[in-house]
Amino acid sequence: MNLTPIWGSLTVFIVCPLLGGLPLIDWLTYALTGRQLGKLGTGNISVSAAFYHGGKVAGVCAVLSEAAKGISAVLLARVFFPVGSAWEIIAIIALVMGRYWIGKGAGTTNAVWGIVAHDAIAAGLVWLISLVGFTIIRDRLMGKYGALVLLVVMIGLRHPYQPEYALTTFALACLLGWIYQNIPDDLDLSATATNSQSSQSKMFRFFQGDKNILSLNSKLNARQVGAKAANLSQLKRQGYDVADGWILRPGDNVQALVQKLEPTTQAPLIVRSSAIGEDSASASAAGQYISILNVTNQDQLESAIINCQASYLDSSAIEYRRHNQQKDTSMAILIQQQIEGQYSGVAFSRDPVNQLQDTVAIEALPGSANKIVSGQYTPQRYQVAIPQTSLTMSLEQSITVIAEKSNQTDMIPQEIIKSAALLAREMEDLFGGIPQDLEWTYDGAKLWLLQVRPITTMQPIWTRRIAAEVIPGKIRPLTWSINQPLTCGVWGKIFTIVLGDRAKDLNFEQTATLHFASAYFNASLLGTIFRRMGLPAESLEFLTRGAKFSKPPLSSTLRNLPGLWRLLKREWQLDSHFASDRAKLFAPILAEISDQPLKELSPTEIIDRIKTILGLLDKATYYHILAPLSFALRQSILKVAETELDNSKVPEVMAVSYLAEIATEARKLLATEQITFDSSASLFAHIAENSEGISVMERFSLWLEQYGYLSEVATDIAVPRWQDKPGIARQMFTRFYFDVHGAKIAQAPANISPQSWQAKLVQKRLNLKGQVAEIYNKLLAQLRWAFLALEQQWLNSGLITEAGDIFLLKLEEITILVEQGQLPSLSNLIQTRKQQWQAAAQLNPVPKLVYGKPQTISWQAPVVNATNRIQGIGCSPGQIEGVIKVISSLQHAPNRLDPQTIIVVPYTDAGWSPLLARAGGLIAEVGGRLSHGAIIAREYNIPAVMDVDNASSLFHDGQLVRLDGQTGIIEILN
């Protein structure tokens with residue numbers, strides 16, 4: 001029976017990848033030498049790796065095995081298809097894919113011999129032209145990619161009227177080119193380090209090429225030439241003043257470089273190390289390898305290169321790498337033109353000693369830079385304050401330079417120090433916000449960059465942004481012992497969906513931490529995660545705060561397509577999954593919990609309830625994180641403006657609208673227009689005494705029962721809910737009762753025009769976000785009430801002495817106390833925690849960024865120099881000229897607000913809604929376009945600007961300002 005092409009295609013697509021994935025090279029090398037290629041060198045299981053690590057015999061066997069694979073793939077295709085068909089090239093493609101994805105190799109040998117079997121004439125022409133070209137040009141990259149281009153051309157010319165040949169060959173060339181970009185090149189290994197014969201070393205050198213002498217004008221890979229050279233290359237290509245330089249990679253021909261360069265006494269060179277792993281984010285290797293200055297002839301140059309290479313094998317350098325868990329790989333050599341500096345120094349974009357001090361630390365001296373780093377001279381130290389400035393203020397004019405223990409003979413002109421400080425901060429911004437240590441020199445005309453590397457002691461970087469929105473204010477130990485594992489655990493699950501096995505080495509427990517009793521996210525870890533996912537490091541801030549979004553690397557995105565597809569499927573099914581869980585889990589268990597009074601439960605039963613709620617919270621947190629991200633992603637992709645969306649179904653908006661409606665009806669029923677009440681208690685007493693007030697009181701009680709789970713900070717279980725303190729709710733009611741305008745706005749939010757299909761898709765996610773928030777906040781409220789019930793029993797028994805003390809304990813401590821009946825030094829523990837929390841609570845504001853592991857809580861807020869314009873994030877469009885009212889907390893909020901009043905608040909949450917309904921504009925210190933304040937401001941159609949650092953200190957009551965909620969610009973008018 002004839003086999004059909006359908007069976008043939010299935011066989012090719014199944015068998016060829018499996019054939020390519022067979023690790024024959026690894027097996028042969030291990031059998032011959034006992035070496036496992038996957039654990040050596042680059043980790044590639046390739047022909048060149050077999051030659052390099054296994055010697056000639058292993059290399060020849062590897063060539064034969066891979067050639068056999070390529071030929072076998074072509075022969076397999078011929079079983080089902082005509083000889084010489086394009087299906088033979090497709091079979092090679094499938095083979096190469098399996099070779100890369102399963103076998104950890106590029107598949108070049110497979111492809112070469114497969115093409116030989118497919119079309120020997122075309123293969124011979126490509127081989128001949130490539131070999132001649134490489135021998136003449138001696139450029140390895142051009143040789144590799146040029147051969148791929150030649151292959152497409154030759155196959156196309158051989159079949160001019162059959163475009164499928166050219167197309168399939170083009171696909172094969174693209175696949176190989178993409179693999180070359182994503183796999184280390186074994187020819188970058190040192191030829192002198194190979195264990196094979198000298199002829200083998202010569203072969204490596206030949207294929208490495210003589211014209212592979214790279215300059216700093218080339219795009220360099222830090223994995224091949226070290227971070228020092230790669231960083232300087234990047235800066236030079238971007239136009240920064242970096243001296244001309246050349247790189248000798250491991251295994252390159254020293255003589256070729258020496259003959260190329262001609263140092264003289266008038267134009268000396270400096271020879272420096274650029275080891276793999278040096279100047280990395282985790283280890284600087286400062287002082288481990290030598291630098292040789294004043295190289296003035298070729299003999300000195302050759303000797304300097306050899307001595308610099310030898311320093312890699314110095315015992316102290318080996319111990320340093322061992323201590324920092326770095327592999328002994330190789331070292332490139334960087335040769336640069338030597339700059340004769342008049343003034344030189346080092347600059348730290350953040351002070352590595354006083355890590356919370358927002359200044360640039362500089363050490364400088366007259367003369368060359370080596371005097372600073374040698375340790376034989378005492379440099380002049382400077383602290384440079386670069387304040388946050390307004391849009392119209394000159395940055396250089398606002399910089400303050402403070403010299404420590406000034407020595408007039410060594411003083412550096414302030415203009416140079418300011419320029420070095422600005423350059424340091426510029427380098428920090430350029431390298432992803434990571435604090436940088438740079439060496440510089442000034443030659444009388446230019447400020448030259450000599451070296452740029454991360455400050456390793458200032459890792460990780462902790463950011464308050466986003467975290468301040470998720471859980472604002474000061475956080476007690478119990479709240480954090482619950483929120484931290486929930487949040488970090490769910491983020492870990494989401495990231496693992498995309499990354500799969502590549503997430504194994506990531507510690508998701510380090511996603512968030514507390515500094516100064518305030519929540520911070522690990523920006524360094526998040527950046528690593530997003531880069532692995534093929535997304536820019538700032539993805540989270542883009543989705544949640546509207547930050548700028550850079551273009552991700554295409555190769556990384558393609559690599560993560562399977563994982564991103566899994567996450568996309570989760571996103572698409574999010575509403576159906578939540579509806580199912582709400583019906584089967586959330587609603588039934590919440591109803592069951594509400595029906596069983598806590599006062600009837602024993603401490604052990606209360607702990608069981610807490611565990612039940614925590615189990616639900618684990619699942620609810622997944623939705624609580626993914627729903628807002630899904631909403632933001634849809635809104636961004638579909639380009640739907642905030643004004644096209646209806647926020648009226650958000651729980652806090654519904655609560656405020658309903659409360660305003662009750663207050664309006666109460667005003668109509670009760671004749672109180674001529675009566676002045678000095679408090680909400682007086683108003684409610686009058687309502688209770690009035691015959692018409694019974695229905696008002698009943699509706700208010702129903703409202704409190706329905707929305708009593710909300711609070712000023714819903715994510716913090718230590719903060720009272722409205723149900724806990726009805727006085728808060730009564731005060732909100734009172735404000736609406738007397739503020740006719742505010743109540744009208746709260747009941748009649750902004751009108752939404754008919755929605756487009758894009759807006760409807762985004763609206764679904766916005767509605768889901770509100771539904772999730774309701775469940776999540778109700779669970780947190782029930783959790784709080786369970787702990788309060790337990791605390792009341794402990795207060796009655798004398799175990800603890802003050803209400804609120806339970807929130808100073810951690811969840812595991814409370815569990816031990818219930819199960820064992822005691823906790824060592826309980827009273828001392830509570831007292832110590834109380835003092836620590838009170839000290840941290842007085843620190844306000846806290847730094848937006850924290851570097852490393854600060855050992856102190858002393859911190860001074862950065863100076864803010866503002867003239868008349870300040871930039872924030874515009875979150876609700878519209879303009880208003882109004883008078884500032886600074887409100888530090890809800891307890892200090894005024895009963896009456898004028899529509900021309902612009903309120904300034906530290907953050908916003910559900911409890912702030914009544915204020916926003918009555919204000920003319922909003923300025924908040926933290927938050928973005930998805931924050932509570934932004935959503936409610938858009939719903940009430942008032943301009944809002946978020947993320948204005950230290951706004952409570954920057955503005956003061958009575959100031960007249962103009963606020964633009966579209967651009968985020970605030971102008972101070974007087």
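What you are looking at is a predicted structure, and each value in this text was computed from that prediction instead of being measured. (Residues numbered from 1 in each chain as written. Predicted model: local features only at pLDDT ≥ 70, side-chain atom pairs only at ≥ 80, totals over all residues. Heavy atoms only, no water.)

## Quick word on the overall build of the protein
The cut-off we apply is this: What counts as a helix is a DSSP run of H or I of at least four residues, what counts as a strand is a run of E of at least two, and both are numbered from the N terminus. Each residue's exposure class comes from its accessible area (1.4 Å probe, protein chains only) as a fraction of the maximum for that residue type: buried when under 20%, exposed when over 50%, partly exposed otherwise. By definition in these notes, contact holds between two residues if any of their heavy atoms fall within 4.5 Å. Only the protein chains shown count as cover for residues, and the accessible areas themselves come from Shrake-Rupley with a 1.4 Å probe.
Secondary structure assignment for the protein yields 37 helices and 25 strands. Burial analysis of the protein (974 residues in total) assigns 53% to the buried set. Taking contacts inside the protein between residues at least 6 apart in sequence as the whole, the part at least 24 apart equals 69%. Carbon and sulfur atoms make up 56% of the accessible area of the protein, which amounts to about 43600 Å² in all.

## Examining the sheet that holds strand E2 (residues 245-248)
Here is the rule: One bridge is not enough; two strands pair if DSSP finds at least two bridges between them. Angles here are taken between N-to-C directions and fall from 0 to 180 degrees, while the axes themselves are lines fitted to C-alpha atoms, restricted in helices to the stretch in contact.
Ordered in space as E1-E2-E5-E3-E4, the 5 strands form an open sheet in which the pairing is antiparallel. Two strands in the sheet have a free side with no partner beyond their single neighbour: strand E1 (214-215) and strand E4 (292-295). Here 2 bridges tie strand E3 (residues 269-275) to E4, and the two strands are oriented antiparallel to one another. What sits directly across from Val271, in E4, is Ile292. Along the sheet, helix H12 (residues 227-237) makes contact with E2, E3 and strand E5 (331-337), crossing E3 at roughly 115°.

## Thoughts on the packing of aromatic side chains
What counts, and what does not: Note on aromatic pairs: the rings of Phe, Tyr and Trp (six-membered ring only in Trp) are paired at centre separations within 6.5 Å, and the planes decide the class, stacked below 30 degrees, edge-to-face beyond 60, tilted for the rest. Note on criteria: charge over ring means Lys NZ or Arg CZ within 6 Å of the ring centre, with the direction from the centre no more than 35 degrees off the ring normal.
According to the stated counting rule, one finds 20 aromatic pairs in the structure shown. Ring centres of Trp491 and Phe495 lie 5.4 Å apart, and the angle between their planes is 20°; on these two criteria the pair is classed as stacked. With a gap of 4 residues between them, Trp491 and Phe495 both fall in helix H20 (residues 477-499), about one helical turn apart. Both residues of the pair, Trp491 and Phe495, count as buried. A centroid spacing of 6.0 Å and a plane angle of 25° characterise the contact between Phe495 and Phe508, whose relative ring orientation is stacked. Residue Phe495 is located in helix H20, and its partner Phe508 is located in the loop between H20 and strand E14 (512-515); the two are separated by 13 residues in the primary sequence. The class for Phe495 is buried, based on a relative accessible area of 1%. We classify Phe508 as buried; its relative accessible area is 13%. Clustering of aromatic rings is evident, with ring pairs tying together Phe684, Phe700, Trp703, Tyr707, Trp722, Phe733 and Tyr737. It is Arg464 that lies over the ring of Tyr520; its NZ or CZ is 6.0 Å from the centre.

## With respect to the sheet that holds strand E22 (residues 921-924)
Two strands in a sheet stick together by hydrogen bonds in their backbones, pointing the same way (parallel) or opposite ways (antiparallel). The strand order E18-E25-E24-E20-E21-E22-E23-E19 describes an open sheet built from 8 strands, whose pairing is mixed. With partners counted over all chains shown, the strands left at the sheet margins are strand E18 (869-871) and strand E19 (873-876), one partner each. Across this sheet, the average inter-strand angle for adjacent strands is 30°, counted without regard to direction. Pairing geometry for strand E20 (residues 879-886) and strand E24 (residues 960-964), over 5 bridges, is antiparallel. Residue pairing in the sheet places Ile880 in a bridge with Leu963 of E24.

## Side note on a nonpolar patch on the surface
Operational definition: A residue counts toward a patch only above 30% relative accessible area and without a salt bridge, and it is joined to like-charged neighbours within 9 Å or, for Val, Leu, Ile, Met, Phe, Trp and Tyr, to nonpolar neighbours within 5 Å. Think of a salt bridge as a Lys or Arg side-chain nitrogen and an Asp or Glu carboxyl oxygen that are within 4 Å of each other.
A cluster of nonpolar side chains, namely Ile6, Trp7, Leu10, Ile14, Val15, Leu18, Met97, Trp101 and Ile102, defines an oily patch on the protein surface of about 950 Å² accessible area. At the level of secondary structure, the elements contributing two or more residues to the nonpolar patch comprise helix H1 (5-21) and helix H5 (87-101). Considering each element in turn, the nonpolar patch owes the most residues, 6 residues, to H1.

## Re unusual backbone geometry
The peptide bond linking Gln459 to Pro460 adopts the cis configuration, its omega dihedral lying at -5°. Positionally, Pro460 belongs in the loop between strand E12 (447-454) and strand E13 (461-463). Positive phi is not limited to glycine here, since Lys639 has a value of about 55°. Position of Lys639 relative to the elements: it lies in the loop between helix H26 (603-638) and helix H27 (651-669). Positive phi is not limited to glycine here, since Ser825 has a value of about 55°. In this fold, Ser825 is placed in the loop between helix H33 (811-820) and helix H34 (826-841).

## Here we look at the packing of helix H2 (residues 24-33) against helix H4 (residues 56-80)
Counted only if it meets this: Relative orientations are named as follows: roughly parallel for angles under 35 degrees, roughly antiparallel for angles over 145 degrees, roughly perpendicular for angles from 65 to 115 degrees, and oblique for any other angle. Crossings are sorted by hand: turned counterclockwise from the far helix by less than a right angle, the near helix makes the crossing left-handed, and turned clockwise it makes it right-handed. Classes in brief: Ala, Val, Leu, Ile, Met, Phe, Trp, Tyr, Cys and Pro nonpolar; Asp, Glu, Lys and Arg charged; the others, Gly included, polar.
Interhelical geometry of H2 versus H4 gives an angle of 155° and a closest axis separation of 9 Å. In this view, H2 runs roughly antiparallel relative to H4, as classed from their interaxial angle. Once H2 is placed against H4, the crossing between them reads as right-handed. From H2, Leu24, Ile25, Leu28, Thr29 and Leu32 reach across to H4, where they touch Val57, Ala58, Cys61, Ala62, Ser65, Glu66 and Lys69. Among the residues making up the contact of H2 with H4, the classes are represented as 8 nonpolar, 2 polar and 2 charged.

## A closer look at the packing of H20 against H33
Angle between the axes and distance between the axes: these two values describe a pair of packed helices. Remark: H20 packs on H33, axes separated minimally by 8 Å, with the N-to-C direction vectors making an angle of 105°. Comparing their axes, H33 and H20 come out roughly perpendicular. Seen from H20, the contacting residues are Leu478, Ser481 and Ile482; seen from H33, they are Leu811, Glu812 and Ile814. Tallied by class, the residues present in the contact of H20 with H33 amount to 4 nonpolar, 1 polar and 1 charged.

## Section: H12
The buried count for H12 comes to 9 of 11 residues, which makes it a mostly enclosed element. Buried within H12 we find Ala227, Lys228, Ala229, Ala230, Asn231, Leu232, Ser233, Leu235 and Lys236. Once H12 finishes, Gly239 follows within two positions and takes phi at roughly 100°, a positive value.

## Observations regarding the confidence of the model for the protein
Test applied: The predictor reports its confidence for every residue as pLDDT, a score running from 0 up to 100.
In the predicted model, the protein carries a mean pLDDT of 81, and the fraction of residues at 70 or more is 83%. Per-residue pLDDT stays below 50 along residues 188-211; that stretch engages in 58 contacts with residues further than four places along the chain or on separate chains.

## Let's talk about the environment of Val696
On the secondary structure map, Val696 appears in helix H29 (residues 693-707). With residues up to four places along the chain from it excluded, the contact list for Val696 reads Ile662, Ala666, Leu669, Ile687 and Phe733.

## A look at the pattern of salt bridges
Applying the stated criterion across every chain yields a total of 28 salt bridges. Among the ionic pairs, Arg765 bridges to Glu571, the shortest N-O distance being 3.2 Å. Of this pair, Arg765 sits in helix H32 (residues 757-797) while Glu571 sits in helix H24 (residues 561-572), and the two are 194 residues apart along the sequence. Residue classification places Arg765 among the buried residues on the basis of a relative accessible area of 1%. Here the residues in one salt-bridge network are Glu571, Asp575, Arg634, Lys764 and Arg765, joined through shared partners.

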